[in-house]
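Chain by chain, the residues:
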Amino acid sequence: MKYISINKLHKINNIKNIKNKIIKIYGWVKTIRYSKINIFFIDLKDGSSIKPIQIILKKKYIKKNKKIYKIKTGWSIKIKGKIKINKNNNKKEIHIIKIKILGKINKQKKYPISPKYHSLEYLRKNLHLRSRTYVIESIIKIRNTLIYYLHKYFQKKNFYLITTPIITSLDTEGSSKMFEIKNKNFFNKKSYLTVSGQLNLETYACSLSKVYNIGPIFRAENSNTNKHLAEFLMLETEIVLAKINKIIKISKNMLSYCIKNIIKKNNEDLEFLFKYTKIKKNDYLFNLINKKFIKIKYNKIIKILKKKEKIFKENIIWGMDISSEIETYLTQKYFKLPIIIINYPKKIKPFYMKLNKDNKTVSCMDIILPNVGEIIGGSERENNIKLLDINMKKKNIKKKKYWWYRDLRKYGTIPHSGFGLGIERLLMYITNIKNIRDVIPFPRYPKYINF
Ligand code: 4AD
Ligand code: MG
């Protein structure tokens, strides 16, 4: 007889057919209770559903198997039992025929994941065990769905997956700090962990037209914030002939496609995550599905901020970057909606962005969400070699090093655009989790690489 998953058990609707059926299941004990009438109740989980199944151990059985008294939270067991329907709540429960302990816990007091509430900070110190909690289980399952549907979205639209390299000799973003690889002799030049796959992606876009990748990205900024990781996952895409409005449209469609599917597939997980908040989960998520994003130029933003200058720590001047404080103000106070800021000053953006006719701004867009900040950054790419070279010179970037990137502009250059989505940032929004360290299985951040 094969083991049946707890999720499959939950999903069986035809109760008449399964009543008294004998099945085998296994899992970890979530809670165990002992009732006065000499019955044990075990809540068992096997990872297939956030909802446990209730196991009933009757008096007769317990008397013959005294070791059952020892079973506690976290133990792994396997069971042969009969499916019954609880008359009070109409839920399925399993009445034990046979139980076997697979793995016990010798020092129960030392087991870090007790059935009581644990804070996310505490769980971070027990990273190897934290997936045994409801909260991490539900986040990681939503993460799984998100990555699956991101792939599906681009595959359905006939984009090609280009797995861009993790090791690189180039700095895509200019301003970002990179992790240097110690083994200098190996490549005979300096090499780093990549901060973006964009430049590599562009080479394939300039022949295959529509490409994307989902891969790990590394940034060595010493940002000890709730929004920064040293290693995170980015979705990047490049599309020929697309202009800024086209990549905005694709971004919005992609977000709404993924979130609709998460609502469908992860309803139980979302229910759990929103249970203790006042937020109405569907209203909140539909904020990203309906098209109510405010699209606004950087120039206009500066004008708005100027009028409220006193509120902010920093002086408001044209040319400044949009700080986290300002992002919060714009999305949570002023507009109270997700916003898309376009046309930033060229000085504060990377060398590859396409210059606008005003000669001061570049054709780019950042999508900024309430609570989370920037989730997507993208732009039209400078496809004019002369303008690209001028920009590189101004930013002190050595032309020679980027010779192959420049070749793309020499050999049949073509207008194209692309963007990058921070997958953990989006997950923070979807799950309503306040710290990015809790939406990735193994977070890496300054002074922390213990697991
Ligand atoms: O805005 P960024 O730096 O853009 C790029 O790297 C472009 N080359 C992407 C492209 O056009 N192909 O990063 C893109 C997104 C940000 O909007 C943010 O959501 C996320 O990546 N991100 C981070 N997420 C977690 N931790 C960090 N340290 C992050 N830095 C950026
Ligand atoms: Mg950015």
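Residues numbered from 1 in each chain as written. Chains lettered and ligands numbered in written order. Predicted model: local features only at pLDDT ≥ 70, side-chain atom pairs only at ≥ 80, totals over all residues.

K.L.:
Help me out: how do you make sense of the overall build of the protein chain in this one?
P.N.:
Counting secondary structure elements, the protein chain contains 15 helices and 15 strands. Referenced to the eigenvectors of the C-alpha coordinate spread, the extents of the protein chain come out at roughly 85 × 55 × 40 Å. Within the protein chain, the fraction of its 451 residues that count as buried is 33%. Contacts spanning at least 24 positions in sequence make up 66% of the contacts within the protein chain whose residues lie at least 6 apart. (Helix = DSSP H or I, 4+ residues; strand = E, 2+ residues; numbered from the N terminus. Buried ≥ 20, exposed ≤ 12 C-beta atoms within 10 Å, placed from the backbone. Contact = placed C-beta atoms within 7 Å.)

K.L.:
Please explain the nonpolar core as it appears in this structure.
P.N.:
Core analysis: the largest hydrophobic core is formed by 78 residues, its most contacted members being Leu146 and Cys258. With residues near it in sequence (within four places) discarded, Leu146 still touches Cys258, Ile262, Ile423, Leu426 and Leu427. In this structure, Ile6, Leu9, Val29 and Ile79 belong to the second largest nonpolar core, which totals 17 residues. (Core = buried A, V, L, I, M, F, W, Y, C linked by C-beta atoms within 7 Å.)

K.L.:
Could you clarify how one ought to interpret the site of ligand 1 in this entry?
P.N.:
Inspection of the region around ligand 1 gives 21 residues, with Ser196, Gln198, Gly377, Gly420 and Gly422 positioned closest. Going through the elements one at a time, strand E10 (231-240), strand E14 (373-380), strand E15 (416-422) and helix H15 (423-431) are the ones with two or more residues in the shell around ligand 1. Among the elements that take part in the shell around ligand 1, E14 stands out by supplying five residues, more than any other. Looking at the shell around ligand 1 residue by residue, the class counts come to six nonpolar, nine polar and six charged. (Near = placed C-beta within 6 Å. Nonpolar A, V, L, I, M, F, W, Y, C, P; charged D, E, K, R; others polar.)

K.L.:
What's the story with the sheet that holds strand E3 (residues 53-57) in this structure? I'm lost.
P.N.:
Strand-to-strand pairing in sheets goes through backbone hydrogen bonds, with the strands running parallel or antiparallel. Within the closed barrel, the five strands sit side by side as E1-E2-E3-E5-E4. Their pairing is mixed. Going from strand to strand, the sheet's axes swing by 55 degrees on average, the running direction of each strand aside. Bridge count between strand E1 (residues 22-35) and strand E2 (residues 39-45): seven bridges; the pairing is antiparallel. Pairing of Ile32 across the sheet is with Ile42, part of E2. (Pairing = 2+ DSSP bridges. Axes fitted to C-alpha atoms, helices over the stretch in contact; angles between N-to-C directions.)

K.L.:
Could you clarify how one ought to interpret the sheet that holds strand E13 (residues 364-369) in this entry?
P.N.:
Read across the open sheet, the eight strands follow the order E6-E9-E10-E15-E14-E13-E12-E11; overall the sheet is mixed. Each having just a single partner strand, strand E6 (160-161) and strand E11 (294-297) make up the two edges of the open sheet. Relative to strand E12 (residues 339-342), E11 runs parallel, the two sharing four bridges. Among the inter-strand pairings, Lys297 is bridged to a residue of E12, identified as Ile342. Contacting strand E9 (210-218) and E10, helix H5 (residues 134-156) crosses the sheet at an angle of about 155 degrees to E9. Each of E6, E9, E10 and E15 touches helix H7 (residues 198-208); the most contacted strand, E10, lies at about 25 degrees to it.

K.L.:
Explain the pairing of E2 here, please?
P.N.:
Two faces, one strand: in a regular strand the side chains alternate between the faces of the sheet. In E2, alternate side chains face the same way, and those of Phe40, Ile42 and Leu44 are buried while those of Ile39, Phe41, Asp43 and Lys45 on the opposite face are not. Between E1 and the antiparallel strand that follows it, E2, lie three residues; Asn38 among them carries a positive phi value of about 65 degrees. Strand direction decides the pairing type here: E2 and E3, joined by five bridges, are antiparallel. Bridge pairing in E3 links Ile42 to Ile55.

K.L.:
Looking at this model, I keep getting lost on the pairing of E15. Mind explaining?
P.N.:
By the criterion of burial, E15 is predominantly enclosed, with seven of the seven residues buried. The alternating pattern of E15 places His416, Gly418, Gly420 and Gly422 and Ser417, Phe419 and Leu421 on opposite faces, both of which are buried. Examined bridge by bridge, E10 and E15 share seven bridges and lie antiparallel to one another. Within E15, the residue paired with Ile239 across the bridge is Ser417. In this sheet, E15 lies alongside E14 in antiparallel orientation, the contact comprising five bridges. Looking at the pairing, Gly378 lines up with Phe419 of E15.

K.L.:
Where do I start with the packing of H5 against H15 in this structure?
P.N.:
Between two packed helices, the angle of one axis relative to the other and the distance separating the axes together describe the packing. Remark: H5 packs on H15, axes separated minimally by 11 Å, with the N-to-C direction vectors making an angle of 125 degrees. Regarding the angle of H5 to H15, the classification is oblique. Read as a crossing pair, H5 and H15 show a hand that is right-handed. Where H5 approaches H15, its residues Ile139, Ile142, Arg143, Leu146 and Ile147 are matched on the opposing element by Ile423, Leu426, Leu427, Ile430 and Thr431. A per-class count over the contact of H5 with H15 returns eight nonpolar, one polar and one charged. (Parallel < 35°, antiparallel > 145°, perpendicular 65-115°, else oblique. Left-handed = near helix turned anticlockwise from the far one by under 90°.)

K.L.:
I'm lost on helix H12 (residues 324-334) in this one. Help?
P.N.:
Regarding H12, the residues found buried are Ile326, Glu327, Leu330 and Thr331. Taken down its axis, H12 places every buried residue within 115 degrees of arc, on the same side. Away from its buried face by more than 90 degrees, H12 exposes Ser324, Glu325 and Lys333. Structurally, H12 contributes buried residues whose contacts are with helix H11 (298-307), E12, E13 and E14. Just past H12, the residue Lys336 takes up positive phi, approximately 55 degrees. (Arc of directions from axis to C-beta.)

K.L.:
Looking at this structure, I do not really get the domain arrangement of the protein chain. What am I missing?
P.N.:
Reports often express the size of an interface as the amount of accessible area lost when the parts come together. Domain parsing of the protein chain yields domain 1 (6-111) and domain 2 (130-438). The interface is formed by four residues belonging to domain 1 together with seven residues belonging to domain 2. Of the residues contributing to the side of domain 1 that touches domain 2, the split by class is two nonpolar, one polar and one charged. (Domains from an automatic or database assignment.)

K.L.:
Would you mind going over the environment of Glu374 with me for this structure?
P.N.:
Topologically, Glu374 is positioned in strand E14. On the neighbour-count criterion, Glu374 (16 C-beta atoms within 10 Å) is partly exposed. Taking the C-alpha atoms as reference points, Glu374 and Leu337, 37 residues apart in sequence, are found 13 Å from one another. With near-sequence residues (within four places) excluded, Glu374 lies in contact with Glu327, Asp366 and Ile368.

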